[in-house]
Structure formats: structure tokens, C-alpha cells
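Structural features, examined
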Amino acid sequence: MKKARKLQHHATVKIRVILAGFFMTLLTIFIIFALLQVSLFNPVVKLYVQGADPETVRTILARRGQILDRNGNILAESVDAHSLWVNPRALKDPEMFASLVGPIIEIPEQQIIDLIHANSERFFVYVRRKITTSQMQDILQFRRPRNFDFGFEPDQRREYPKNRSAASLIGCVGTDNSGLSGLEFTFNEELNGIPGKQIVYQTFAGDRVPYSSDLIQKPMPGYSLLTTIDYTLQNIVEGILEKHIHRWNAVGGVAVVMDPGTGEILCMASRPTFDLNQGARFIENPNYFNKAVSMNFEPGSVFKTIIAASALEEGVLSPMTMLNCTGSVRIADARVQCMIPHGEQNLADILRNSCNVGFVEIGMKMRERMHRYAMRFNLGSALPIRIFGQERGIVPTPEKWHETTYATFSFGQGLTATPLQIITSYAALANDGKMMKPMIIRELRDHLGHPVEIFEPTLMRSIVSSQTAREIKLALRNSIHHPRGTHQAVVEGISIAGKTGTAKKVVDGRYVDDRVVTSFVGFFPAENPQYVILVSLDEPRPSHEAYGATVAAPIFKEIVQWMQSHMLLTQ
Amino acid sequence: MTKKKGISIHDLLFWLIIFLTIFGLLMSLSTTATSYFTIGSVLPFREFTKQALFAFIGILLMIFMSRIPMRFWKKMALPFFLLSCFLLVVVLIPPFYVEGIYNEAGEAARRWLRAGFFSFQPSELAKLGLILMVSYIMSLFKGRMKLGDFFKILLWILVPVFLIYVAPDFSTAAFLLFLGMLAMAIGGTPVKYFVLTLVPVLIGGLVVLSRSDRLMGRIISYQNVFQDPANSGYQVLQSFIAIARGGWFGQGLNRGSQKFYSLPEAQTDFVFAVICEEFGLLVSFFVIFAFCMLLFLALKVSIKSKDSFSSILSAMIGFHLFLQAMLHIAVTLGIAPPTGIPLPFISIGGTALVVYLAEVGILLRLAKKAEANP
């Protein structure tokens, strides 16, 4: 009886088991149909999946090269940065996110919240580009296992440790890390390197799947530029220039130091300047251009040296030729005047006196040849140097000249030139008449610091004979060291050759008295020049006190004084 | 009698489970290596190593269990059940549970027991304890059950269910209750008793649901996947996308991308979606087939068994693992609310894996016994 019951119970169990198994079969069939539906037939899911681009080729940034001064001081370098993005669709609490992240990335909380709300339908939006690694680490602490709503894209940030120094020369880069101005622009290709390529996989939301198994091409880091700039000198010169601009209330200024033997530019200071680390908003403003190459000014008296050298070369003039200045001379229907009659003068005297009448006399003898020499001194055409924003200057051709043009051209009016063109011309005279190609880059180096390309000093052309060059050097030296010479430029213990210049600016086709460009170009030691220095101040005030000798020469002197005690000078 | 040719149920079951475990390890490698990116873990293989270690221990335990005679379990059913209930009580006491675990309604849940260098979920043990207990009790009745007995057994079942419910862990509590009642049903409880209790249980269930607004909202809104893809429907939508991206043949092992940022808890609650994305429909069907096979073999053992206890127990072990798998798949398909049910043998979770393997060990013993003299 008991056993029978037991068997009966066991039979019931078996029937129930089979019955349950039957229900499980139904459940399985249901599950399989649901799986097929989701996987293959659900139109909305299909739409989401088609929107996803699972594979894309992504470029990997190559490390941009550095910009260095001649001694290896870093002027510009790229550091690792990270761009913070967020998925607005999945971010459930933007206010919380903003309050946590805002203070770290220095963006007002409300701005972040607005950004997220404005992009609430998107899956990916940058919150802030190019933040530092430590900022990233601070933010990463907020990432909890269930909150995968933000991430970081690798990026680079350009840093300029010298901030305002040589800013317009160096230039800056855009958010895409390519150069916008200065050396950053002209040498962009060399600096940039070759980006790598990688296949990345994306989630449907556009999030990059962060494993990088499929590297197609490794990135090739960019080359570094070893410039000819001497940062120490640059820094000092900029300080001096700044001081004098302030003293003269000038709108700007330029100072360039060049090695005449090699054409290397040791210093290129331009004012006003800006902090490169926030450079992008300054580079389109003409005030902040590199005045050494962009200031297209009428050279005025500093051009007289070039005319004098041409005349010596042509035999129109010798150092001993005496010219008589009566105070004024009439050419066609125009009158050229000197402030006082200078009387009988030799070459050194007319340069010292900057005697217009004397130069008119030379000019009337030189005629069209003046233009030929201007061309040989590379005026009116761009110098073969890769530098950003270079102006060519304007030198009218003799066909367009009037009779008066022969006169005005001889003392540097009616043509324009850039400071770099002027200093290169003086450098040629200082270098025995041989014009060296101006150099701003000495070397390209790869990312390991090995030189890839070394730029040697190159001769552009011989302009005048060494005899002429010697005579002009002597004349310029004598004009400075003469008892009534430009004593403002004289530094004890160094023989200096140089020329002042004061040119009125042209506004609406007329010369205006109260806006002048005052310049001084000089080299030293006069007998065996090692350095040429050009200094120009734009619109120093009060203009009636502003002359090359009073404004620019003292700046030159301060620079030379510093160089005398800090740089190697061979007497 | 001559022995049947071909592979025995025992061996088939054994290799099926070995296969599932190894496949699970493969998936855990695929889903947890992402932790380096998603949570910034510095040891991307830590989870996998842990899982592999537990799998090894679990398989050893399974083999060991398959050698323990059934009379041991008959004796141990009640003590084992009481032990698992005791652990469920312990896990509620502050110093013993792991903090920072949240249930499906977003409330702090007391699920994990701290045990020295590792932690484990007593609720996993409670499932086995309950199955053993109810199977044993039901086998005692031999066809005569009064209504009072029915309620007594139901009360026994409700002890662990209640303890898990207050943890709070609603889905596991509900699953446990269902398992217990299924065991009762298989054990021969008269159908009329069920009809008698079904109405109050349904009412009780509704009361429980309405008690938690967030839970209610969860259950209502999971169907509105496409209405609210950014919030309540987010997980399920991500799961859908993973499944659809897989197509028939999948993206390839470790080529899935949903597991990275989009699909939360890819290594546990949504591992089936990752299988779909990386291996495609064909392999997914095979995984479903494997669990059907497990159930089929378990039911075969159940029918071949000579006594009620073995029949109920083997069927219940099969039902437990099969149903849990189906529930997990149903969650990834948006049929059931996302409640955090792991896929047996495949989802990450060391202690759970060990318990499942031990459970299969008992089933293996039953299989051997059932096949011994047909």
C-alpha cells in the first residue's frame, strides 16, 4: 500500500516534470522569436545600428617640433593635452557634472550646463579642448563605474615659455595645431611631422572604442627649428626697446641684430608685442605684425649710405671729393633745403650732416644708376628668407621718374623698404660689399635632436667692391666719432660706424610733420664689423624733438653697451 | 541487460557544463578587459584571473559533489537550508556586507557577504538550499498533502524570500519564490491549492510593487525603450543595438564595441548581448540550445530516477539554471525589466559560478544513479 502510494506519487512527479518541460519549450520558442525580432526585424533598432559607423580611419597627431634659439633655449614646444568631451544624451545630471568639472577646467558652471543643454540631442560634444594631464586626472576621479558619460581625446598644446618675446617672429598655432603666423606658419610642414593612421571602432554613439590594435601608419614627429636668435640678447634688446618706446610714447619699434659675415639674425624685436600663449586673437591685428619685415617705411637718411656707396662704386664720388652746400638747391620747379648751409664737405661730412643738398648733387650725377643699385641692394623685392609677413618695399622704376625724383630718391624719399632690407644692405657694406642671405634658421633637427638639415651661410651677391666697402665704413665711422658727430651712439672703447635717419610719414599722399620714423643703423667694430644693429621707433613724440640721433641712437648705444660686456667681441 | 551504446547522460552533461564554463571564461576575458578603459582599472586581467580561479575550484567541487551519495543530501537538506538562511541574516548586519552595491531601484542593497579575502552572495547559496529543502519535503508527502501542509511549506519558502526581499533585492526574491513554488508544483501539490493561493499572491505582489515607486517605474518604463532612450530605456536600447550589430555572424571575439561605454554591466547583467554582438545569432542560438540541452538532460535524469526526491531535485536543478538563463536573455531582449540576473556559467561572478557547478555536481550524481541499472 505504502509502496503503491509512493509509486503513484512518483508518477505524478514525472507527469508534472514533463508538463513543466513543455511550458519551458514554449518559453524557449518565445525567446528565440524575440531574439530574431530584436536582431533582424526591429525597424527602430535597425535605424540606430545603421547610424553607427563601426570603423573609421583616424589620424594620430604627430608631436610638433620645438622652436629653439641658437643655444637650444625653448621658444615654443608642444606638450600632451587632452580634450574633454561629454555625451549629453547620457549625462543625467549636467548640473552635478558642471559643478564638479567647471572649477577644474576654469569654465563657468552655467556655460557648461548651457553647452550640454544646447547639444542635448548629440552624443558627443567637446567641453574644453587641450587641458593638462593633471587637470584630466582631477576630472577622472569623478568617473564612477556607472557614469561613463565623458572622456578624453589625446591632443597637443603649444606652449611658449618666453611668452611675449619675439612673439610676431615665432607666431602661433590654431586649435588644429597647425601654424597660423610667424615661423609656426612658414615652417608648418617641417614642424608638423607626418600624422599616423589608425583604424578605430566606434560605438553607435560615436564613442571611439579605445583599443588601438590596427595601427596602419606610425606618426612621425615633426622637426625642431634651431633658429639663429640669441634669446638672451633678444630679451635684453626687447627690454631696452620697450623702455625707449615708453619714454618716447611711440606707437611701436623695431630692433634687429645681424651678423654681417653670415647673415644670421641674432635678434629681431618688434613692438608692440603680445603673449603667444594667448596669441590667436592678436595675429590678425596689423599692429602686432613683425615690424622688422612688415613695416614698409620710407628709409630717409639711412638710405643715403646706400647712395654714397653706389656713387663710390661708380666713381662719381671719392672719399676726398668736396661738395659745397649753400643751404638750398633748385631742381626743376622744386627746392631742396638743408637746415643750415653746410659749406664744403667731404664724404664723411655729408653723411654726418646728412646733407640733402650734397646728396642731390650726387643723385643728379648718378641718375638712373641709383635705381640699379637699389635693385642690387635687394630693395623693392622680397629677401630670400622664409619669414612670415615680409613686405617687398616699393622702388619706382626710372620710367616713372620726374626730374625731381632724382633729387628726392638720393636722400631716401619716394621709395619704401623694410627694416630687414635696410639692415641687410648695411650688413653687405660691413661685409666687404658681399651681401649674405639673411638667416633665421640654422638647423632642422629630428625629434631625437639629430640634425636633419644644416643651413650654411650663403652669399647672395657682391654688391660693391671691398675698396668701396672699406671707404664707406671709414666714412661712417668718422661721421659718428667726429666731434660734432652722433655722440649719442658712441660707446667707450668701441669704434662704431652708423647712420641716423628721420623720415616723415606719408598720410594721404602728403608728408606730415608730426609723425616720423626715427632710425639708426650701425655696425661695430667699424674696421672689422661683427654685428649690425638697426633700431627704428615708429612715431616717437614729441615729434619736434625726435630725430634718429636723439631717439634711435641711444637705444643702439644701450644695446652695444650690453653686448660689449656680455658678448664676445674681437677688436 | 546490455548497456546502451553512445555517450551517457552523465558524460554529456559533464562536457556540456565544461564547455559552458570555458565559453564563459572567454566572454569574461572579452568583457572585463575593458575595465582598463571604462573604470580606469590598472589590472585589466584581474577579474578574468579571479573568474578562472573560481572556475577551476568550481569544477573540482563539481567532481567532488558527483561522488557524494544522495542520502547525505537527504540528511543535509534541512541543515543546509538553515545555514543559507542564517547567512542571509548575517548579510543584513552592517559589518558583514559589502557597501556600495545598488539594487534595480537604485537603493543600497545588502547582497554581498564579506568573507576574508573574497566576498560572496548568500542568495546564490539560498537558491540551492531552497531547492534541496523543498525537494526533500515534497518527496516525504507521497501524494497526501493537506492545506495546512501546503501553507507550512510555503512558510518555509517565504523565510529566505523575505530575507532577500528586505536586503532589498526584489528580482532575486521573486525568482526564489517562483523556484520554490515550482518545486512544490512538481512535487505533486494539488492544483487547487495553487488556485487558492494565486489570488492573494498576486495581490501581495501588487502591494509590494506599489510600495516602491521607483521599482514600479522601472517595470513600466522598460517597455518604453524608444520613448526614453537616454534614461530609463538606455540600458535596454544599448543591449538591442549590441544584439542587432552582431547580425548572424557577429563582429568577432573582442570586437564588440557596446561593452565599452554604452552597455553598462556588460560582464554580468548584459553578457548575452555581448555574445550576440561578438559571435552573432548562430552562436547565440547555440548558447540557448546549450541551456535547453541542460534542461533536457536534467529532465531525462528526473524521469529515469527511481525515487521522488531524485526526480524533483534533478528537475529543479535543471529548471533553476535554465530559467535563470532565460530570464537573463529576456532582460537583454527587453522582455523582462533589467534586474541584474547573471547568465549561469558565463556572467562574471566567482561564488555564483562555484555554486552552479556544485549544483551540477549533484545533478551528475543523480544522473549516474539513474543510469546505473535501467
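Residues numbered from 1 in each chain as written. Chains lettered and ligands numbered in written order. Predicted model: local features only at pLDDT ≥ 70, side-chain atom pairs only at ≥ 80, totals over all residues. Heavy atoms only, no water.

Right, let's get into the overall build of chain B. Across its full length, chain B holds 13 helices and two strands. Within chain B, buried positions represent 58% of all 374 residues. Excluding contacts between residues fewer than 6 apart, the proportion of contacts in chain B whose partners are at least 24 apart in sequence is 73%. For chain B, the accessible surface area stands at approximately 15300 Å², while carbon and sulfur atoms represent 71% of it. (Helix = DSSP H or I, 4+ residues; strand = E, 2+ residues; numbered from the N terminus. Buried < 20%, exposed > 50% of the residue type's maximum accessible area, 1.4 Å probe, protein only. Contact = heavy atoms within 4.5 Å. Areas by Shrake-Rupley, 256 points an atom, 1.4 Å probe, with all protein chains shown as cover.)

Taken together, the side chains of Arg5 of chain A together with Arg144, Lys146 and Lys152 of chain B present a region of like positive charge at the surface. Positionally, lysine 146 of chain B belongs in the loop between α5 (122-141) and α6 (147-165). By relative accessible area, lysine 146 of chain B is classed as exposed at 63%. (Patch = residues over 30% accessible without salt bridge, like charges linked within 9 Å, V, L, I, M, F, W, Y side chains within 5 Å. Salt bridge = Lys/Arg side-chain N within 4 Å of Asp/Glu carboxyl O. Lys, Arg positive; Asp, Glu negative; His and termini not counted. Charge placed at Lys NZ, Arg CZ, Asp CG, Glu CD.)

This next bit is on the sheet that holds strand β21 (residues 531-538) of chain A. Residues and elements named next belong to chain A. An order of β10-β9-β21-β20-β19 is seen for the five strands of this open sheet, with the pairing classed as antiparallel. Unpaired on one side and paired on the other, β10 (264-271) and β19 (497-507) mark the two borders of the sheet. If you compare each strand with its neighbour and ignore which way they point, the axes differ by 10° on average. Contacting β9 (252-259), β19, β20 (510-524) and β21, helix α18 (residues 548-566) crosses the sheet at an angle of about 25° to β20. (Pairing = 2+ DSSP bridges. Axes fitted to C-alpha atoms, helices over the stretch in contact; angles between N-to-C directions.)

This model, assessed by the stated rule, comprises 25 aromatic pairs over all chains. Here phenylalanine 14 of chain B and tryptophan 15 of chain B contribute two aromatic rings whose centre-to-centre distance is 5.1 Å and whose plane-to-plane angle is 85°, an arrangement assigned as edge-to-face. According to the relative accessible area criterion, phenylalanine 14 of chain B is buried, its value standing at 16%. A network of ring pairs unites the aromatic residues Phe19, Phe23, Phe279, Phe286 and Phe289 of chain B as a single cluster. The lysine or arginine in question, lysine 162 of chain A, covers the ring of tyrosine 231 of chain A, its NZ or CZ lying 4.6 Å from the ring centre. Over the aromatic face of phenylalanine 187 of chain A sits the side chain of arginine 386 of chain A, whose NZ or CZ is 4.1 Å from the ring centroid. (Phe/Tyr/Trp six-rings, centres within 6.5 Å; stacked < 30°, edge-to-face > 60°. Lys NZ or Arg CZ within 6 Å of the ring centre and 35° of its normal.)

Time to look at the confidence of the model for chain A. Parts of the model with low pLDDT should not have their predicted coordinates read in detail. The share of residues in chain A with pLDDT of 70 or more is 93%, and the mean pLDDT across the chain is 87. The least confident element of chain A, judged by mean pLDDT, is strand β7 (residues 208-217) of chain A at 58; the most confident is helix α16 (residues 419-430) of chain A at 96. (pLDDT = per-residue confidence, 0-100.)

In the segment running from phenylalanine 524 of chain A into proline 525 of chain A, the intervening peptide bond is cis, with an omega of -20°. Inspection of the secondary structure assignment puts proline 525 of chain A in the loop between β20 and β21. The linkage connecting arginine 541 of chain A with the following residue, proline 542 of chain A, adopts the cis geometry, with an omega of 0°. As for its placement among the helices and strands, proline 542 of chain A is situated in the loop between β21 and α18. Phi is positive for glutamate 106 of chain A, which is not a glycine, with a value near 60°. Its place among the elements puts glutamate 106 of chain A in the loop between α3 (94-105) and α4 (109-118). Its identity as a non-glycine residue notwithstanding, phenylalanine 345 of chain B has a phi of 70°, on the positive side. Here phenylalanine 345 of chain B shows up in the loop between α12 (308-332) and α13 (350-372). Under the relative-accessibility criterion, phenylalanine 345 of chain B is labelled buried at 2%.

A few words on helix α4 (residues 70-90) of chain B. Residues and elements named next belong to chain B. The end-to-end C-alpha separation of α4 is 29 Å, in line with the 30 Å expected for 21 residues at 1.5 Å each. Remark: the principal bend of α4, roughly 50°, maps to methionine 76, with a proline, proline 79, within the next four residues. Considered for burial, the residues of α4 that qualify are Met70, Trp73, Ala77, Phe80, Phe81, Ser84, Cys85, Leu87, Leu88 and Val90. (Expected span 1.5 Å × (residues − 1). Bend = angle between axes of the 7 residues up to and from the residue.)

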